[in-house]
Amino acid sequence: MKNILLTILYFFVLNVTCLSQTNDVFYLYSKHPNEKLPNYIPLKEGKVYLWADTSKIDSNKIQLLIINNTQTKLNFNGHQLAMIQPEFIDNTKNWIRFSPFFFGWCGTPYAFERVIPPNEFYVALEYIQIGQIKSKVRFTFYGTDIESSNSFTWFIDTSQTEYAKYDDIAYKYCDVEYLINIIKEMPEPYTEISKDKEYLKEVGNDSYIIKSFNENIVTSAMYSLKKRFPKTAIEIFESIAFDQTHPFNESAKKILNIKENK
């Protein structure tokens, strides 16, 4: 009899759990019809937009909705979805990113696709670097025409804002002049191990490592220029390649595939 009661209880709990997951509008990484949007989230006619649900925020995590209120099916791969980034309003009243982002050498974490059918929304979980600065925050889906999310006030960490100017997203969507200026000016924003490289803390602020971070800013800009604006890249790199005193002389030769005569 005891075993029978335990079996009944097991299936009851299992059914309740399944139902709660199925009916949970905010069940992560899943799609739902727009009719299930809570009343406090507006349904914008004929638009695709982000919505940061501040009722579902926990420390550095927030649930973000991609709402498709059109008749068009949307397809995104993992690399594209990584382009959803937090921004804050700086002193010039511009929205800027404050968390640097770099794709890892392995693309496996991004090897997936998401489809959002017409008149449905998708629920994701996004992260925010929390800190001591109180500011307005929003999310923007870079590389798309999707409308940025609603803004909300939160305490964030803006200490890495300068580094975000030289990350994979900045180099992917900037104009040609931006890359040229970085190559010419050779900025050196790193003076210590940054928070996004905590795994290197044990080596300390070794000058060689700091130097390599700053050099990587320029070489990455050079490779991005070659990939995105190849004609301009040749003009810029030729002058560097034939200047033996230039600190990126060897990098320019490598990119242009110039072999030295032995």
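In this text the structure is predicted, and so the values were computed from the model without any measurement.

Let's shift gears to the overall build of the chain. Counting secondary structure elements, the chain contains eight helices and 10 strands. A buried classification covers 40% of the 262 residues belonging to the chain. Here the contacts in the chain between residues at least 6 apart in sequence split such that 66% fall between residues at least 24 apart. With an accessible surface of roughly 15,900 Å², the chain has 54% of that area assigned to carbon and sulfur atoms.

Moving on to the sheet that holds strand β6 (residues 95-97). Strand order in the open sheet formed by four strands is β6-β5-β9-β10, with antiparallel pairing between adjacent strands. In the strand order of this sheet, the two ends are held by β6 and β10 (152-156), each with one partner. For this sheet the average axis-to-axis angle between neighbouring strands, irrespective of direction, equals 50°. Two strands pair when backbone bridges link them, and strand β9 (residues 130-141) and β10 are joined in this way by six bridges, in the antiparallel orientation. Of the residues in β10, the one forming a bridge with I133 is I156.

Further remarks concern the side chain of D157. Counting through the fold element by element, D157 comes out in the loop between β10 and α3 (161-164). Polar side-chain contacts of D157 include one of 2.7 Å to the side chain of S159.

Below, the discussion takes up the sheet that holds strand β3 (residues 61-68). Pairing in this open sheet of four strands is antiparallel, and the strands run β1-β8-β3-β2 from one edge to the other. The sheet is open, and its two borders are formed by β1 (31-33) and β2 (48-58), each paired with just one other strand. The average undirected angle you get between the axes of adjacent strands in this sheet is 30°. Pairing geometry for β3 and strand β8 (residues 120-127), over eight bridges, is antiparallel. Residue K61 lies in a different strand from β8, and its bridge partner there is Y127.

Two side chains bearing opposite charge may form a pair once their charged atoms approach each other closely. Scanning all chains against the criterion turns up seven salt bridges. Residues E147 and K44 are paired through a salt bridge, measuring 2.4 Å at the closest nitrogen-oxygen approach. In this pair, E147 is assigned in the loop between β9 and β10 and K44 in the loop between β1 and β2, connecting sequence segments 103 residues apart. Relative accessible area serves as the criterion here: at 26%, K44 is assigned to the partly exposed category. The partner of E147 in a salt bridge is K47, with the nearest N and O atoms 3.1 Å apart. Taken together, the residues E147 in the loop between β9 and β10 and K47 in the loop between β1 and β2 connect sequence positions 100 residues apart.

Turning next to the layout of surface pockets. Approximately 560 Å³ is the volume found for the largest pocket. Together, 22 residues line the largest pocket, and A82, I84, L125, E126 and Y127 are the ones closest to its centre. Among the elements of the structure, α2 (78-81), β5 (84-89) and β8 are those that each provide at least two residues to the lining of the largest pocket. Top contributing element to the lining of the largest pocket by residue count: β8, with five residues. Across the lining of the largest pocket, the residue classes break down as 15 nonpolar, five polar and two charged. Quantified by volume, the second largest pocket comes out at close to 340 Å³. When residues of the lining of the second largest pocket are assigned to their parent elements, the largest contribution, three residues, is made by helix α4 (residues 168-173).

Cut-offs and rules
- Residues numbered from 1 in each chain as written.
- Predicted model: local features only at pLDDT ≥ 70, side-chain atom pairs only at ≥ 80, totals over all residues.
- Heavy atoms only, no water.
- Helix = DSSP H or I, 4+ residues; strand = E, 2+ residues; numbered from the N terminus.
- Buried < 20%, exposed > 50% of the residue type's maximum accessible area, 1.4 Å probe, protein only.
- Contact = heavy atoms within 4.5 Å.
- Areas by Shrake-Rupley, 256 points an atom, 1.4 Å probe, with all protein chains shown as cover.
- Pairing = 2+ DSSP bridges.
- Axes fitted to C-alpha atoms, helices over the stretch in contact; angles between N-to-C directions.
- Polar contact = N/O pair within 3.5 Å; in protein donor to acceptor, adjacent residues only side chain to side chain.
- Salt bridge = Lys/Arg side-chain N within 4 Å of Asp/Glu carboxyl O.
- 1 Å grid on protein atoms, 1.4 Å probe; cavity = no way out; pocket = protein on both sides within 12 Å on 5 of 7 lines; lining within 4 Å.
- Points joined across faces, edges and corners; volume = space filled by probe spheres on them.
- Nonpolar A, V, L, I, M, F, W, Y, C, P; charged D, E, K, R; others polar.

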